[in-house]
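# An overview of the molecular structure
Listed below are the residues making up each chain.
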Amino acid sequence: MFPTTVEVIVIIIVGLPIYFVYDFRRGFKEFKQKLYASLWLIVHLFGLSLISWIGGSAFGGMNLIKYPLDFVVILIFSTFMYFWAIHSLYYSGYFDDAKEINSTVKLDED
């Protein structure tokens, strides 16, 4: 729903300096690979915002793409973004760290 998608983008932009400070302290290791692996998310958020903005008026849009066709456009766009996301996987050392931490967690079996 427009402008909620824009608000989400603003929140992410506000959090970016925290990430950059963290990555700077780690020496910007593999920054290009991380950026490429997350590029789909940036495109997806801006695409959803655009589609929401020009989409149905019932959801805050300009009604250039009327409901329910706007949902079909979102479905098609999101499907492309999904395939881009799974093909841009970047396997970093954080996965190994997470596996090690998760192996120490004991779950209650009720």
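Criteria and thresholds
- Residues numbered from 1 in each chain as written.
- Predicted model: local features only at pLDDT ≥ 70, side-chain atom pairs only at ≥ 80, totals over all residues.
- Heavy atoms only, no water.
- Helix = DSSP H or I, 4+ residues; strand = E, 2+ residues; numbered from the N terminus.
- Buried < 20%, exposed > 50% of the residue type's maximum accessible area, 1.4 Å probe, protein only.
- pLDDT = per-residue confidence, 0-100.
- Axes fitted to C-alpha atoms, helices over the stretch in contact; angles between N-to-C directions.
- Parallel < 35°, antiparallel > 145°, perpendicular 65-115°, else oblique.
- Left-handed = near helix turned anticlockwise from the far one by under 90°.
- Contact = heavy atoms within 4.5 Å.
- Nonpolar A, V, L, I, M, F, W, Y, C, P; charged D, E, K, R; others polar.

This part covers the environment of V14. Positionally, V14 belongs in helix α1 (residues 4-25). The class of V14 is exposed, set by a relative accessible area of 59%. C-alpha separation for the pair V14 and F24, spaced ten residues apart in sequence, amounts to 17 Å.

Across the chain, the average pLDDT comes to 85, with 97% of residues at 70 or higher. When mean pLDDT is compared element by element in the chain, helix α3 (residues 69-87) scores highest at 94, while α1 scores lowest at 83.

Contact pair α1 / helix α2 (residues 31-54): the axes reach a minimum separation of 10 Å and the direction vectors enclose 165 degrees. Compared by their axis directions, α1 and α2 come out roughly antiparallel. Relative to α2, the crossing made by α1 is left-handed. Taken together, the residues of α2 that come into contact with α1 (itself represented by T5, V6, V8, I9, I12, Y19, F20 and D23) are F31, K34, L45, F46, L48, S49 and S52. Split by residue class, the contact of α1 with α2 holds ten nonpolar, three polar and two charged.

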